[in-house]
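Reading the structure
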Amino acid sequence: MNKNKMKVSTSRKVFLVFDYCLMILLALICIYPFWYVLCYSLSDTTAASVNTPVFLPSGFTLSNYKEILTLKGFFPALLMSLLRTVVGTITSVFCCSFLAYLFTKDKMPGRKILYRFVVFTMYISGGMIATYIVMKSYGLLNSFWVYILPSMISAYNMILIKTYIEQLPPELEESASLDGAGYITCFFKIIFPLCKPIIATVVVFVAVGQWNSWFDNHIYTRANESLTTLQYLLYNYLNEAQRLAEQLKTASSGADMTKAMASISPKGIRMTITVLASLPIFALYPFMQKYFSKGIMVGAVKG
Amino acid sequence: MNRKRGFVKSGSKDYKLLWMAIPFITIVFLFSYVPIFGWIYSFFDYVPGVSIFDCDFVGLEYFKLILKDNNVLRALKNTFVFAIINICLTPLPMLLAILLNELRNGPVKKFVQTFTTLPNFISWVIIFSLATALFASDGIITMLAVKLGLGDASNSLLGSNEAVYWFQSFLVQWKTLGWNSIIYMAAIAGIDQEQYEAARVDGAGHFKCAIHVTLPAMMETFVVLFILNIGNFLNTGYEQYLLFKNSLTAPNIEVLDLYTYRIGLQNMDYSYGVAISVVKSIVSITLVLAANMVAKKIRGKAVI
Amino acid sequence: MKTRKLTAILGAVALTASCLAGCGGGKADSASGSKTAASSPEEVSTADHVDITIGGLSLSDSSTGAWPTEVIKAVEEKFNCTITTKAYDQESLNLDLSGGNTCDIVQISDGNIEGVLKGKHAVNLVDYKNIAPNIFSDGMDYRNKIMQKFKGDNGEAQYFVTPRVVSKDYAKSYGSVVQYGYVVRWDLYKQIGAPTITNDDEYIEALKKMKEIYPKTEDGAETYAMSAYNDADLHTYFFKGCLGEGYLNLEDGLYVQDAQTNALVVDVYDKDENVKTPFWSGVEFYNKLYKAGLLDPDNFITKGEDLTEKYTKGQYIGGTVNWYFGTYNSNNKGTDKEYVVLPSKLGWVNEQNRAGWTGKYLFVSSHSPNVERAVMVLDYLQSGEFARSSDSGVEGRWEKGSDGKPHLTEDTINMKVDGSRAEEWKMSGISDSRVDNLIGWDYNNVLADGGRVSLWNDEDVMKDSLTTAELELCEHFGISLPSDLLKNGVEKGDNMDLSKSDSTIRMCLETIPKNIVRIDSNCIEITKNALPGLIQADSDEAFAAAKEALLQQLSDASVKESIDWWQKAWEDSKSAIESLESK
């Protein structure tokens with residue numbers, strides 16, 4: 001924040017000390033799960049099962065990483081994840097922000113009804129089977145676009161942007177409209193640049209949502225291996241143990257559980273994929289942060 | 001904030017705006033509204049794989065079943081408790097954003113800001129395995145508590161039915177707090193710096209600036225999210241609860257979503273599951289509209 | 001404005017209608033591809049390379065491990081195709097069935113049979129009889145009859161096949177070690193003088209003594225007798241009881257099957273004072289452990305994986321099943337610190353699955369673009385040749401010995417135990433658990449060449465595979481294989497195996513109606529929630545009171561309706577099978 005030479009009072013000092021301590025403590029509590037996952041992924045399988053790596057790796061090794069990185073499907077899945085994230089984020093952020101802008105206009109006929117029409121999508125669902133059949137009838141099964149189109153307009157993000165635009169001083173746009181600029185020009189030239197903080201937020205939301213989603217892959221594109229994403233790969237590993245337990249429940253005749261149980265991949269592998277799958281997001285977020293940390297100067301834009 | 005928008009202040013409508021919105025509305029319709037035809041499954045005895053025309057029509061049978069089912073009542077109670085705790089905790093991310101904002105720009109702020117969002121990226125399965133390592137009878141935290149005389153090893157947090165509501169809500173906060181504060185950080189970033197200058201000229205200190213400038217700027221977002229959340233009252237998700245459910249915690253942990261999951265998949269009772277989700281959708285929309293009306297009465301401005 | 005609204009509504013209606021039409025399962029297209037003109041497998045052209053996907057509820061994804069293995073590669077070459085397997089969960093299977101686009105070959109459980117038949121998702125294998133000689137081989141005759149009568153339209157058509165059929169050429173086998181029963185740590189058991197264990201009380205006494213001499217592990221962690229595994233509903237309790245009392249479990253444990261008489265026994269809702277049903281036997285056992293302070297305090301929160309972790313750390317000194325030991329035994333290779341299993345009343349061997357494994361039905365999808373090829377692949381999976389190669393390795397991994405019978409080569413046996421060849425072992429695809437549910441023949445069927453399907457079950461191989469602790473055990477009891485404990489017990493009449501039990505009755509039960517499914521799952525939920533009260537009961541009175549309360553709750557949940565249905569369905573199934581056999 002800007003550095004006024006104000007006299008720092010004692011109470012302010014006390015508050016700052018308290019604030020720093022609290023925030024750092026919070027950050028540490030939040031880092032811990034990730035640290036644990038990281039330690040586990042760097043631990044030797046046998047050593048980790050004897051000594052749970054709660055603070056430090058037990059029996060440091062990179063073998064888990066080696067195993068994952070040499071998995072033949074790993075890099076194609078990584079690329080697919082990146083692709084869907086990039087395409088999905090660009091389209092969704094554009095659609096949500098433009099629609100939000102349109103919805104800020106009182107002059108739009110049927111605005112209220114249409115706005116509610118979009119908002120209600122947050123609360124209704126036709127159930128998995130119906131959605132699946134609809135996707136199939138659109139020809140989206142085993143197609144890349146099933147990652148993009150259904151989630152293109154997120155009511156939640158649209159509302160966030162709309163709320164933000166409504167808080168901007170309206171004079172900005174009015175002055176532009178006097179110059180004869182149309183809606184589209186106004187949106188790109190005035191509104192979009194002013195919305196940087198919220199756009200950055202939505203970019204992070206959408207990108208993370210895209211990156212983390214595996215369910216659409218699981219449901220719609222499982223038959224097309226070239227569309228396998230990293231998170232789906234992870235999901236398959238995470239779910240192994242659960243699936244076997246499920247089998248145990250229904251195994252009324254002698255499936256060889258001993259053999260099946262031995263085939264579960266070690267926890268370290270799951271931890272490793274978790275680490276690898278969250279790394280790219282790590283890269284994105286700090287980059288986006290610069291848009292939150294510096295406040296915009298509306299005056300400058302007006303100037 | 002309640003200023004009219006638009007180029008010319010007149011009652012005339014501009015159809016151009018509608019035409020521009022149509023493509024987006026169509027997408028919403030195609031992907032969110034067309035699948036609602038699936039609601040008809042709740043009136044049939046649907047068997048996955050069989051055409052709906054070959055399934056028996058049962059009318060309102062499944063809706064009647066909801067009313068008769070004791071489990072629904074119990075699940076509803078749990079859902080309510082979780083939702084109320086959750087709603088009470090909605091200001092937390094906002095508070096975090098203010099506290100973060102008070103830190104000086106620098107590595108500490110960045111560090112805290114980045115790392116508080118981390119738990120959001122770790123799936124529940126892994127959080128569960130971590131929770132076991134920490135809170136089981138021989139977990140580190142349990143052992144620490146025993147040493148401090150705060151509890152005994154035979155009664156771990158994971159198996160405590162009394163602690164379910166608080167423990168699970170705590171986990172949710174832990175996982176999402178930092179992430180949810182992002183939106184408020186953005187709101188703060190959108191504040192016109194002139195407002196701070198003006199406040200300072202009036203002799204406001206840091207604290208007063210926070211109360212009179214920062215907080216109001218976030219309020220709009222807060223109210224909107226709050227009202228949207230009320231609509232999500234019944235949507236708690238099930239994954240977390242499924243993982244943490246065991247014989248000891250079952251009475252308090254089974255929320256409506258988990259119950260729906262159980263009957264839909266484990267019992268293959270698909271139509272019953274749809275019937276519940278139809279009721280849920282209707283309740284959600286009613287709630288959100290009601291909350292909106294209340295907001296309109298109080299603030300004179302509707303959210304949706 | 002109005003016209004637009006109207007158009008929108010019309011559009012919606014049209015779309016909805018088209019969607020509805022689209023969801024009609026198999027429709028007519030199943031007819032077009034059906035029936036083959038070929039009169040033998042050789043006549044079908046395999047010139048073009050195709051993809052064959054096999055998806056199933058009890059399969060796992062081929063992408064998560066070594067694939068294609070040597071065994072699978074051979075099949076791929078034979079039929080000029082690429083084979084991949086996919087794991088289905090109930091959700092994705094339901095969706096694929098609703099959308100009518102499943103994998104080429106699908107494996108389902110009983111719950112989906114009705115949907116597959118009514119929706120016409122499966123091809124009639126009889127139409128492809130000419131290219132499916134293995135499915136319709138003599139050894140599969142009984143299985144086929146059962147499938148035709150009970151898992152089809154009660155006529156000539158056959159849609160499903162099952163894995164692991166036990167044929168007439170079955171050679172009894174007790175395996176090398178006992179798999180389920182009374183688990184002990186051999187070193188501790190030896191130290192307390194290896195007392196005989198024939199029932200739960202003797203076992204608990206032994207556990208007490210072992211815990212006394214081993215209260216903490218070498219790393220200082222507390223030891224316990226055992227813990228339940230909580231991710232498989234009531235399995236942990238009734239399965240223990242089944243082993244101890246001589247019953248077979250039927251899925252979720254509300255009902256069990258008497259291993260001797262094949263009668264249906266109501267398990268959880270047990271009002272009969274004279275019979276101790278498996279569930280209550282199991283619960284009492286855990287209650288005794290609790291009272292003796294031997295039970296893991298995390299008994300109700302431990303899942304299978306946590307169990308594996310604790311076994312690996314050596315924190316448990318007992319148990320009931322051998323599949324959670326993790327790597328403890330191999331970590332302590334060459335020492336006497338190892339888990340071994342002593343037999344309880346029932347030994348889980350010699351199952352007579354004459355119609356194959358229950359709940360794992362395979363069919364060829366009528367939506368497959370390559371029905372013929374898929375049928376041929378499925379047919380080959382049903383062959384003795386494939387069973388041998390996936391259980392014992394492709395030819396070359398085993399050879400004909402001087403006695404004219406096939407034997408595993410030294411190299412193969414060595415590969416399994418040599419840790420440095422783990423990668424090679426995985427790639428060989430030998431006894432790969434991922435294909436277990438696809439193999440047509442049982443491990444112990446004897447093939448035409450005179451050897452079993454699984455050559456690992458040859459006496460010599462089994463003897464070679466024994467570990468230090470197992471050898472000591474044999475020496476101690478004066479036997480040649482640990483499983484001889486069970487074998488001798490069965491011969492003396494002290495123990496029993498599954499040779500008298502008929503798993504087909506369960507398979508041929510009619511589809512469980514929805515209201516019964518609902519009651520059953522509710523009853524299981526009620527029972528699960530009552531477990532802590534039962535197991536942590538400090539006195540017999542408290543236990544009896546908790547039991548009474550549970551039975552009352554079950555009764556309120558209309559358990560009697562379920563019992564009536566099950567008993568009737570069981571008798572119906574039994575008599576239907578009898579009439580089929582007498583024909």
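Focus: the interface of chain B and chain A
In this assembly, 79 residues from chain B lie in contact with 80 residues from chain A. Per element, the largest residue contribution to the side of chain B that touches chain A is eleven residues, and it comes from helix α1 (residues 15-33) of chain B. Per-class residue counts for the side of chain B that touches chain A are 49 nonpolar, 19 polar and eleven charged.

Quick word on the interface of chain A and chain C
Each partner contributes to the interface: chain A provides 38 residues, whereas chain C provides 52 residues. For the side of chain A that touches chain C, the secondary-structure elements that each account for two or more residues are α2 (45-50), α6 (128-137), α11 (215-220), α12 (230-250) and α13 (257-262) of chain A. Per-element accounting of the side of chain A that touches chain C gives the leading share, ten residues, to α12(A). Grouping the constituent residues of the side of chain A that touches chain C by class yields 17 nonpolar, 14 polar and seven charged.

Let's talk about the sheet that holds strand β10 (residues 361-364) of chain C
The pairing of strands in a sheet comes from backbone hydrogen bonds and takes either a parallel or an antiparallel form. Residues and elements named next belong to chain C. Sheet architecture is open: four strands sit in the order β2-β1-β3-β10, paired in mixed fashion. Of all strands in the sheet, those bounded by a partner on one side alone are β2 (81-87) and β10. Mean inter-strand twist for the sheet, computed between neighbouring axes without regard to direction, equals 15 degrees. Where strand β3 (residues 105-108) meets β10, four bridges bridge the pair, whose relative direction is antiparallel. The partner of isoleucine 108 across the bridge, within β10, is tyrosine 361. Its contacts with the sheet put helix α13 (residues 371-381) on β1 (50-56), β2, β3 and β10, and the angle it makes with β10 is roughly 150 degrees.

Comments concerning the packing of helix α4 (residues 74-103) of chain A against α1(B)
Where α4(A) meets α1(B), the axes come as close as 10 Å, and the angle between the chain directions of the two elements is 145 degrees. Between α4(A) and α1(B) lies a crossing whose hand is left-handed. Contacts between α4(A) and α1(B) involve A:Cys95, A:Leu99 and A:Leu102 on the former and, on the latter, B:Leu17, B:Met20, B:Ala21 and B:Phe24. Tallied by class, the residues present in the contact of α4(A) with α1(B) amount to seven nonpolar, no polar and no charged.

Looking at the environment of B:Pro119
On the secondary structure map, B:Pro119 appears in the loop between α5 (107-115) and α6 (124-135). Here the alpha-carbon distance between B:Pro119 and B:Leu177, two residues 58 residues apart in the chain, equals 9.0 Å. When near neighbours in sequence (up to four residues on either side) are disregarded, B:Pro119 contacts A:Cys30, A:Pro33, B:Trp174 and B:Lys175.

Structural notes on the confidence of the model for chain B
Interpretation of the predicted coordinates at a detailed level should be avoided for regions scoring low in pLDDT. Residue and element names in this part refer to chain B. In this model, chain B carries a mean pLDDT of 87, and residues with pLDDT of at least 70 account for 95%. Taken element by element, chain B is modelled with least confidence in helix α7 (residues 140-147), mean pLDDT 81, and with most confidence in α1, mean pLDDT 94. Confidence drops under a pLDDT of 50 for residues 1-10, and excluding neighbours within four residues, the segment shows 16 contacts in the predicted structure.

Here we look at the packing of helix α7 (residues 155-167) of chain A against helix α10 (residues 206-231) of chain B
Their axes nearest at 10 Å, the elements α7(A) and α10(B) cross at an angle of 150 degrees. In terms of axis orientation, α7(A) runs roughly antiparallel to α10(B). Of the two elements, α7(A) crosses α10(B), and the hand of that crossing is right-handed. Every residue of α10(B) that contacts α7(A) at A:Ile159, A:Thr163 and A:Gln167 is listed here: B:Glu220, B:Thr221, B:Val224 and B:Leu228. Per-class residue counts for the contact of α7(A) with α10(B) are three nonpolar, three polar and one charged.

Criteria and thresholds
Residues numbered from 1 in each chain as written. Chains lettered and ligands numbered in written order. Predicted model: local features only at pLDDT ≥ 70, side-chain atom pairs only at ≥ 80, totals over all residues. Contact = placed C-beta atoms within 7 Å. Helix = DSSP H or I, 4+ residues; strand = E, 2+ residues; numbered from the N terminus. Nonpolar A, V, L, I, M, F, W, Y, C, P; charged D, E, K, R; others polar. Pairing = 2+ DSSP bridges. Axes fitted to C-alpha atoms, helices over the stretch in contact; angles between N-to-C directions. Left-handed = near helix turned anticlockwise from the far one by under 90°. pLDDT = per-residue confidence, 0-100. Parallel < 35°, antiparallel > 145°, perpendicular 65-115°, else oblique.

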